[in-house]
Every structure is written in C-alpha cells, then in structure tokens.
Amino acid sequence: ERMAPLPCFALILSAFFIARIDACPHTIPTWDCDPLPAPPEAFHVTQLRPGNIKAVLAMGDSISAGFAMIGYPPVDLVEYRDYVYSIGGAKGAFTLPNILKEHYNANVVGSASSWTWPLTKGAWLDAGVSMAKVQDTHAQVDYLVNEMKTTYKDEINFENDWKLLTFFIGANNICVSCKGRYPPSYFEKELDQVLSEIEEKIPRVFVNLVSIFNISGVWNAGQTKEYCKILWEVDTSECPCLTTGHTSDRNIMGMI
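About the criteria used
- Numbering of residues starts from 1 in each chain and follows the order in which that chain's sequence is written.
- Selection of residues for local features in this predicted model requires a pLDDT of at least 70, selection of side-chain atom pairs for listing and counting requires 80 or more, and totals for whole chains, interfaces and linings are taken over all residues.
- In computing side-chain values, all of the structure's heavy atoms are included and hydrogens and water are not.
- Runs of E in the DSSP output that reach at least two residues are strands. Runs of H or I that reach at least four are helices, and both are numbered from the N terminus.
- Here's how the labels work: a residue is buried when its accessible area is under 20% of the maximum for its type, exposed when over 50%, partly exposed in between, all with a 1.4 Å probe on protein chains only.
- Polar contacts, as counted here, are pairs of nitrogen or oxygen atoms within 3.5 Å of one another; within protein the pair requires one atom able to donate a hydrogen and one able to accept it, and residues that are adjacent in sequence qualify only if both atoms are side-chain atoms.
- Contacts are assigned to residue pairs that have any heavy atoms within 4.5 Å of one another.
- Salt bridges are defined by distance alone: a side-chain nitrogen of Lys or Arg within 4 Å of a carboxyl oxygen of Asp or Glu.
- By definition, pLDDT measures how confident the predictor is in each residue, and it falls between 0 and 100.
- By disulfide we mean two sulfur atoms from cysteines, separated by a distance within 2.5 Å.

*Asks:* Summarise unusual backbone geometry; cite the residues concerned and give the values.
*Replies:* Notably, W124 is not glycine yet its phi reads approximately 55°, a positive angle. Position of W124 among the secondary structure elements: in the loop between α3 (96-103) and α4 (138-149). You can call W124 partly exposed: its relative accessible area is 23%. With phi around 50°, R204 is a residue other than glycine that occupies positive phi space. Note that R204 resides in the loop between α6 (184-201) and β3 (205-209).

*Asks:* I'd like a description of the side chain of S64, backed by residues and values.
*Replies:* In this structure, S64 sits in helix α2 (residues 62-65). There is a polar contact of 3.2 Å between the side chain of S64 and the backbone oxygen of M59. Aside from chain neighbours lying at most four places away, what touches S64 is M59, V84, I87, D126, G128 and F168.

*Asks:* Can you lay out the pattern of salt bridges for me, pointing to particular residues and giving the numbers?
*Replies:* Applying the stated criterion across every chain yields a total of 6 salt bridges. R81 serves as the salt-bridge partner of E79, at 3.1 Å between the closest nitrogen and oxygen. Neither residue differs from the other here; E79 and R81 are each classed as buried. In this structure, the salt-bridge partner of D142 is K201, at a minimum N-O distance of 2.7 Å. On the criterion of sequence distance, the pair formed by D142 in helix α4 and K201 in helix α6 is long-range, its members being 59 residues apart.

*Asks:* Explain the confidence of the model for the protein to me, and be specific about the residues and the numbers.
*Replies:* Segments scoring low in pLDDT should not have their predicted coordinates read at a detailed level. Counting all residues, the mean pLDDT for the protein is 84, and 86% of those residues have values of 70 or more. Confidence drops under pLDDT 50 across residues 1-22; counting only partners more than four residues distant or on other chains, this segment forms 20 contacts.

*Asks:* Could you give me a rundown of the state of the cysteines, with the residues and numbers involved?
*Replies:* Enumeration according to the criterion identifies 2 disulfides in this entry. One disulfide bridge connects C175 with C239, the sulfur atoms lying 1.9 Å from each other. Between C175 and C239 the sulfur-sulfur dihedral comes to about -95°; the bridge is accordingly left-handed. With a gap of 64 residues between them, C175 in the loop between α5 (171-174) and α6 and C239 in the loop between α8 (226-234) and α9 (240-243) connect regions that are remote in the sequence. A disulfide bridge connects C178 with C241, and the sulfur atoms are separated by 2.0 Å.

So, in structure tokens, the structure goes:
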C-alpha cells in the first residue's frame, strides 16, 4: 500500500530535520551576564525591568515566522518559529525569550517551541504571518489577544502581567514600492493605527518596534550566492522590486 502524499512528505522532512542545522555559519556570542535578582513589581513602564516580563509576543511577516531561515530546499520550506530572534524558544538558540528565561525570569511564557507550515496564521504567541504587510497586522493583534485569553489564560494574567511585544514589519510593503504602491505616508498611517490598536487592546505591553533594514541591499548580498541567484530567476514574485533586475527599482526601495 502506498503512503499518502502528505505523511510521506512529512517523513522525508523529518529525516532532513534530524541532520539539519547543528552548525551555524556565523559565530554566535555567548550571553554570559550574571542573572539579576528579581526586581520589584513595576506599576508603570518607566519602572519596567527584564525580570518583570511574564510573556513574550511577536508580530510581523516571514522574518517573525522564521520561514526558510535554515538550510536549503526542501528542508527550508517551513517556518522555524522556534529559532526566530524575537520569539524562538529552541534549546540553545540565541533568542530574546531564551535570554529572558535564563537570566531574568525563568517563568516567561509565549515562546515558539517548534516549526509550522508556511502561511500559518500564528502559533504560540508568535502572530507573524509569512508575506504579511503592515495593513495585515490588525488581525495579528486580535490573534494575540485571543490566545492570551484562551490558550494562555492559566499562565498569563491578561490585565496585570507585563508583556514584551517585538513588532517587525515592512519588507513586503517595500518590495512593491517601486510600482507606486504603499508610499511612506500609507505605511505610517497603517502602522500608527496598529500601534494604537495594541495600546487599546493589550494592557501592560512594552512594544519593541524594530526598524526595517535596507531591503535593496539583499540583492547585492544575494548575487554572491548561486542558490539565491537561481531562486530569484525561478521566482520573481517574492520581492518584485528586488528581482526585476532594474537598478532604478532597487534604488527606489533604498529611498523608502
């Protein structure tokens, strides 16, 4: 009897996982700071210390979802949420939740503990969705609120516990900016609305708003890797302004 396609694919994928990424191409620094004693309760954000954080949250696009961040096809075609810098909880991973757990508050909750299929609409307290644009993140706020009030209701005091939300968004808006879509004014308006929504719906949250890097620079870096060049020749839809091959399009991206 032939194995069904999906279980068969999952079995092959699992075999890749076993041997995948024990060797990182970059040297990761050791976080060897001494643990701090438990801080007094924080009643205002100006009193907030790392040890006051009870829950870690994330919003964003494929970078926050961890899509294809490890390895080569087919093993990289999933979302490695447990290794994402802002929300990953994989053992030994150099991530914000692990630093908080190991040095400031061992009871921090919300970190991602495994991988997900592409385009998953959030997992754990990682609301990131691959391909998301800034206007899509309103739904991510609702996802986080619902998860904290249901899945995590016994671990998080929604009204009183402090939460650290890392919000990183914008790459997919910039990737079509050369087509005249999503000018900076639009991005600013949408981002301001989402931040206001976070303030309104999530109490006691410190928002770590991470600025976007220069997406156009990815082209220059990718031209040094045969894998990236082949990938962009096959799939020009991932970031149209980057993969058109026109310098003028990439220059527009760099000015956004």
